[in-house]
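Survey of secondary and tertiary structure
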Amino acid sequence: MKITEHISNAKGKTLFSFELLPPIKGQSIQWVYDAIDPLLEFNPPFIDVTSLREDYIYKEQDNGLLQKVSYRKRPGTIAICAAIIHKYKIDAVPHLICGGFTKEETENALIDLQFLGIDNVLALRGDARQADSAFIPTPGGHCYATDLIEHIKNHNEGKFLHEDVESFKSDFCIGVAGYPEKHFEAPNLGTDFKYLKKKVEMGAEFIVTQMFFDNQKYFDFVRKCRENDINVPIIPGLKPISNAKQLVSLPKIFHIDLPEDLSDAVQHCKSVKEVKEVGTHFMIKQCKELIEFGAPVLHFYTMGRPEQTKEIARAIF
């Protein structure tokens, strides 16, 4: 079922969902089940699965020179989606990204997803590799999320890269990312909204936001979307603070602000346990406000660690 249908069928009730990282290569499928099972009691209508591009490492050769080697640390997005559908009968939403994939590889992924009966995809440009200062497109791949959306829409219309096969039209519901605090590469919020609106005009049917900790920024983001005639569902992305290091790492990686009362409370904690308690209580309050506002779904970035999200969800659902 499409995300938009799940939201419509809820008739105004806020739903629960979460994001899952593929396990590091070498781990078994049980890792995935262990990340999902504790959260089933909250009846998630969908679970989305991230996809990461290739990165590079340098290996020293016998002659002392360094060899640049491409590798993927977390494979298996489509396989994990298939496992989720098979075991749990829950809709799985794979991330499709530009970086690390040629157009042919993207099309092959769409063919596989259609074969598996997957109805939803999240279309993203993706991040830069760790060794790169900026995003570098893969040769023969897409440069922007808008290019990826166009590819998916063409697939929905039976238009393939090298042939038209109308009898094989797909019907993917396309989601995109939104940034309540502005994408860090956008010069201003106005430009960010312009590109977001373009994604919706091209066929995006729902938006999932970057994590945030100040609800007013989400409220303002929704209002500005509506003012810009962006009327698709806007799903807030959420991640509770679980350790003090995140006061530095989250703003650095995701280009977000943390409220002073939250950062002050974390800085006064004397143990990791206390930090988790602060993060949990803050997130419970944040979630209750979002439900009152009418958020269609509360979407948690669990990173494969369900315990804190479970505690929060029990307090609000």
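Note that the structure is predicted; figures quoted are calculated from it, not measured.

Quick look at the overall build of the protein chain now. Within the protein chain one finds 11 helices and 10 strands. On C-alpha atoms alone, the protein chain measures out to a radius of gyration of 20 Å, which is about the 20 Å that the 2.2 N^0.38 rule sets for 317 residues. Seen along its three principal axes, the alpha-carbon backbone of the protein chain occupies a region of about 60 × 60 × 45 Å. For the protein chain, the share of sequence-separated contacts (at least 6 apart) that also reach a separation of at least 24 residues comes to 75%. In the structure as shown, the protein chain presents an accessible area of about 16,000 Å², 51% of it carried by carbon and sulfur atoms.

One pass over the full model with this rule turns up 10 salt bridges. For Lys159, the salt bridge is made with Glu157, and the minimal N-O distance between the two is 3.4 Å. Taking the shortest distance from any N to any O, the salt bridge between Glu289 and Lys285 comes out at 2.9 Å. Taken together, the positions of Glu289 and Lys285, both in helix α10 (residues 272–293) and 4 residues apart, correspond to about one turn of that helix. If you follow the salt bridges from partner to partner, you end up with Glu41, Lys310 and Arg314 in one network.

Here the focus is the sheet that holds strand β6 (residues 120–124). Strand order in the closed barrel formed by 8 strands is β1-β2-β5-β6-β7-β8-β9-β10, and the pairing between neighbours is parallel. Pairs of neighbouring strands in the sheet enclose a mean axial angle of 30°, with direction left out of account. Lying on the sheet, helix α5 (residues 145–156) is in contact with β5 (91–97), β6 and β7 (173–178); it crosses β6 at an angle near 150°.

A few words on the nonpolar core. Formed by 86 residues in total, the largest nonpolar core has its most connected members in Ile84, Ile152, Phe213 and Phe300. Examining the composition of this core, we find that 6 residues originate from one element, α10, more than from any other. Excluding residues within four positions of it along the chain, Ile84 makes contact with Leu20, Ile36, Ile47, Val49, Lys89, Ile90 and Ala92.

About the thresholds
- Residues numbered from 1 in each chain as written.
- Predicted model: local features only at pLDDT ≥ 70, side-chain atom pairs only at ≥ 80, totals over all residues.
- Heavy atoms only, no water.
- Helix = DSSP H or I, 4+ residues; strand = E, 2+ residues; numbered from the N terminus.
- Rg over C-alpha atoms; globule rule 2.2 N^0.38 Å.
- Contact = heavy atoms within 4.5 Å.
- Areas by Shrake-Rupley, 256 points an atom, 1.4 Å probe, with all protein chains shown as cover.
- Salt bridge = Lys/Arg side-chain N within 4 Å of Asp/Glu carboxyl O.
- Pairing = 2+ DSSP bridges.
- Axes fitted to C-alpha atoms, helices over the stretch in contact; angles between N-to-C directions.
- Core = buried A, V, L, I, M, F, W, Y, C linked by side-chain atoms within 4.5 Å.
- Buried < 20%, exposed > 50% of the residue type's maximum accessible area, 1.4 Å probe, protein only.

Keep in mind that these numbers describe shape and distance, not what the molecule does.
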